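Analysis of the macromolecular model
One letter stands for each residue in the lines below.
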Amino acid sequence: MEPIRVMVNGLPGNMARAVAEHVRAGGRFELVPCSLTGPEIVEKKIDVGETAVALFTPDRRAEALAAAEAGRPRPICVDFTHPSAVNDNADFYCKSGFSFVMGTTGGDRQALFEAVRSASVAAVIAPNMAKQIVGLQAMMETAAVQFPGLFTGYRLQVRESHQQGKADTSGTAKAMVENFNRLGVDFSVDRIEKERDPRVQREKWKIPEAHLAGHGWHTYTLVSPDGTVTISLTHNINGRDVYALGTLDAVVFLAGKIREGEKGRVYSMIDVLSGG
């Protein structure tokens, strides 16, 4: 079987680099040697292993996608750019006929979904590419359906810590809050406690020094109205490999859907886990 061609957008960002390195190392894939990057990036290229990847700023997006195709099978785009670029990039992929995996959080998510549904492409869109965390979220969603109101009256505290460069509040934390809401907890996403200060992360959170530049630590704490019951749920991820590997599973899944002729479809990581 021909390798799946993958264009990783967002280089030289850390998450995009992690994905690109796994793409290059995986025998199922071919790393396309070009990437969309931010307007502030001055580098013309970046080396991923032995592959020199050309970087294209937003004003050169058409040139980048043309170079990515260049008479070869059209690649799947993987987007780990910036929240401010989510909708513009997605609209461009849709208009240009490039199916994509969107790992970048933020943007107008409803507009994002609608753009795909009205286009001739398919996409996997998820705020979290780590399969195990997505599975945990699925368990929470099932609980919310089966036991609505289970935690009515309980107080909730949500704390999340990510590397300093992560601009937005964790999409995973927001999704978990929605499930807690359905379980009866009165809590809004603007109350999520977001930590991005490496000093605080090191001294108070005790996050390992080696992972200050790449981690995702979350704790959800429920306390009963009378204070006699405390329930805490924690998931801590160090590094980016778990997200990169989940992203590649999403690419393989999407490639299968493209071969089946799927268009105008938005898939989630739950679809990836279940085989869609």
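A short tour of the structure in this document, coming up. Keep in mind that this is a model prediction, so the values were computed, not measured. (Residues numbered from 1 in each chain as written. Predicted model: local features only at pLDDT ≥ 70, side-chain atom pairs only at ≥ 80, totals over all residues. Heavy atoms only, no water.)

**So, the pairing of strand β8 (residues 122-125)**
Alternating residues of β8 divide into Ala122 and Val124 and Ala123 and Ile125, and every residue in both groups is buried. Bridging between strand β7 (residues 100-102) and β8 involves 3 bridges; their strand directions are parallel. The residue of β8 that forms the bridge with Val101 is Val124. Bridge count for β8 against strand β13 (residues 265-267) is 3 bridges, and the pairing is parallel. Its bridge partner being in β13, Val124 is matched across the sheet by Tyr267. (Buried < 20%, exposed > 50% of the residue type's maximum accessible area, 1.4 Å probe, protein only. Helix = DSSP H or I, 4+ residues; strand = E, 2+ residues; numbered from the N terminus. Pairing = 2+ DSSP bridges.)

**Considering the sheet that holds strand β4 (residues 45-48)**
Judged by pairing direction, the sheet is mixed, and its 3 strands sit side by side in the order β3-β5-β4 without closing on themselves. A single partner strand is all that each edge strand has here, and the edge strands are β3 (34-36) and β4. Each strand of the sheet is rotated relative to its neighbour by a mean of 35°, with strand direction disregarded. Both β3 and strand β5 (residues 51-56) contribute to a ladder of 3 bridges, which runs parallel. What sits directly across from Leu36, in β5, is Phe56. Relative to β4, helix α1 (residues 14-25) is tilted by about 50°, and along the sheet it contacts β4 and β5. (Axes fitted to C-alpha atoms, helices over the stretch in contact; angles between N-to-C directions. Contact = heavy atoms within 4.5 Å.)

Nothing here speaks to function; it is all geometry.
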